[in-house]
Amino acid sequence: MAKPWGLQAEWDMTKPWNPHSWQRFPAEQQPAYPEPTALEGVLARLRQLPPLVVPEEVDRLRGLLAEAAAGRRFLLQGGDCAEQFKDCAPEAIAGKLRVLLQMSVALTHGGRRPVVRVGRIAGQFAKPRSKATELIRGRELPSYRGDLVNALEATPEARRPDPSRMLEAYFHAAATLNHLRALTAGGFADLHHPERWELPGGTGEVPEYRRTLDQVKESLDFLEALGGVQRDALERIDFFTSHEALLLPFEEALTRWVVEAGAYYNLGAHTLWVGERTRQLDGAHIEYLRGLRNPLGVKVGPSATPEHLVALLDRLDPGREAGRITLISRFGARRIREALPPLLKAVQAAGRTVLWSCDPMHGNGVESAQGLKTRDFDAILAELRQAFEIHRELGSHLGGVHFELTGEAVTECTGGTQRLSEVDLAKAYETGCDPRLNGVQSLEMAFLIAEMMRG
Ligand SMILES: O=C[C@H](O)[C@H](O)COP(=O)(O)O
Ligand SMILES: C=C(OP(=O)(O)O)C(=O)O
Ligand SMILES: [Mn+2]
């Protein structure tokens, strides 16, 4: 029987690239599962389950990213560092959607460009780690690798990799995405109802946001008086999902052959990115990603050389397709000035059009005196400012931003108008991995970015 969208589970394993061919290459950051038969059983079940997204949505996102690369849109990508199964709850999901929508209003209104919204959500469950073990209250334990792999709880049993977590991840991603789809289709994002868009502590915390909402409302009223606003366009919005393609057996199982397109898609998310620690040219992650039809993100940090980057583009995007690649620079405020220009010039010299985005989080991590991972608002801002400047100086443009953030009132990053200091961090430090901007910090950041977009 034909499957919907012509999906086909049987893969042609004789082709040089197939969803399984990554297994011939060295794979970094993969857990060692103690029981291969349990793993096989889980993967077999995952291969039968329905896709989370459909190819048409993936293609639509690729088109929007192509427009962002051409300077006509702006990409806002953000969400948790490590999404946890317990975050699959209505408040947490709506909170993340709300903050991304609030930011996109600030960016569209101030930056005068439509925003492409992509969540690190509904599948951002796997984490690469710098070390295999971590010290927790004096005890050395295997590192937490995300809910997809092991549990955060600080015991040796919890930290053992468990393949059944892949099925749990699938169902948690499905429930999260279902709720996101219901909210976005059901008028949650309708600008006619800004009361749904309030900040947790009221818009008083970011006065500029109240003014923007009032201005947006006024413009809508004016357009409506002219009979011109398409209600549909305001009530329904696009919202896409993404995660790091890290745990390759899981990603492989969510890969489907789409007959109409004559191509393989990963239908576990609209777009995937490859991390700084796993983008070796001859590594398994690049091998896996190169065969997919999805748009791809590539984190580009201090270890990237111009030659490596150009070779990666050749490998991942031989067809030079618009919207295919988003390069996400993540150097830190102290290094970007020196590190980005040679890479940018190499990409230009290779005649490549990519979408450049900036992740101002991963190069700005510091440890607080109390031993908590944190990032300072001003360092994040400083990296973004320099990214905008460098792109302008070199005749390029920054077309997107990538954040670790949450709608909740957490205290994980210092600074911002709330003036969170290192001693405040312990009050609501809830992240499973890296520190996130809270709702207020995120929105403040969006207004500052909108200013930078205007130049
Ligand atoms: O999210 C990114 C990485 O997983 C994280 O920065 C690694 O953190 P670690 O250095 O504590 O392992
Ligand atoms: C691991 C991450 O980033 P990077 O690969 O850039 O360190 C991340 O985005 O959570
Ligand atoms: Mn992170």
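These lines cover the structure that appears in this document, whether it is placed above or below. (Residues numbered from 1 in each chain as written. Chains lettered and ligands numbered in written order. Predicted model: local features only at pLDDT ≥ 70, side-chain atom pairs only at ≥ 80, totals over all residues.)

## Considerations on helix H2 (residues 55-69)
Here's step 1: In this model, H2 (15 residues) spans 21 Å end to end at C-alpha, consistent with the 21 Å of a helix rising 1.5 Å per residue.
Here's step 2: Of all the positions in H2, only Pro55, Val58, Leu61, Leu64, Leu65, Ala68 and Ala69 are classed as buried.
Here's step 3: Immediately beyond the C-terminal end of H2, within one or two residues, lies Gly71, with a positive phi of roughly 90°. (Helix = DSSP H or I, 4+ residues; strand = E, 2+ residues; numbered from the N terminus. Expected span 1.5 Å × (residues − 1). Buried ≥ 20, exposed ≤ 12 C-beta atoms within 10 Å, placed from the backbone.)

## As for the packing of helix H1 (residues 36-48) against helix H4 (residues 164-185)
Here's step 1: Relative orientation of the contacting elements H1 and H4 amounts to 25°, with a least axis distance of 8 Å. Considering the angle they form, H1 stands roughly parallel to H4. On H4, the residues touching Val42, Arg45 and Leu46 of H1 are Ser164, Met166, Leu167 and Tyr170.
Here's step 2: A per-class count over the contact of H1 with H4 returns 5 nonpolar, 1 polar and 1 charged. (Axes fitted to C-alpha atoms, helices over the stretch in contact; angles between N-to-C directions. Parallel < 35°, antiparallel > 145°, perpendicular 65-115°, else oblique. Contact = placed C-beta atoms within 7 Å. Nonpolar A, V, L, I, M, F, W, Y, C, P; charged D, E, K, R; others polar.)

## Points about helix H3 (residues 90-111)
Here's step 1: With 22 residues, H3 ought to run about 32 Å at 1.5 Å a step, and its terminal C-alpha atoms sit 30 Å apart, in line with that.
Here's step 2: Positive phi appears at Arg112, one or two residues downstream of H3, with a value of about 60°.

## Brief notes about the nonpolar core
Here's step 1: Counting residues in each nonpolar core, the largest one holds 106 residues, and the members touching the most others are Leu76, Leu107 and Val298.
Here's step 2: Residue contributions to this core peak at 10 residues, all from H3.
Here's step 3: Apart from residues no more than four positions distant in its own chain, Leu76 is found in contact with Leu100, Met103, Ser104, Leu107, Val115, Val116, Arg117, Gly400 and Val401. (Core = buried A, V, L, I, M, F, W, Y, C linked by C-beta atoms within 7 Å.)

## Considerations on the site of ligand 1
Here's step 1: Near ligand 1, the surroundings consist of Cys81, Lys127, Pro128, Arg129, Ser130, His362, Cys433 and Asp434.
Here's step 2: Of the residues in the shell around ligand 1, the class split is 3 nonpolar, 2 polar and 3 charged. (Near = placed C-beta within 6 Å.)

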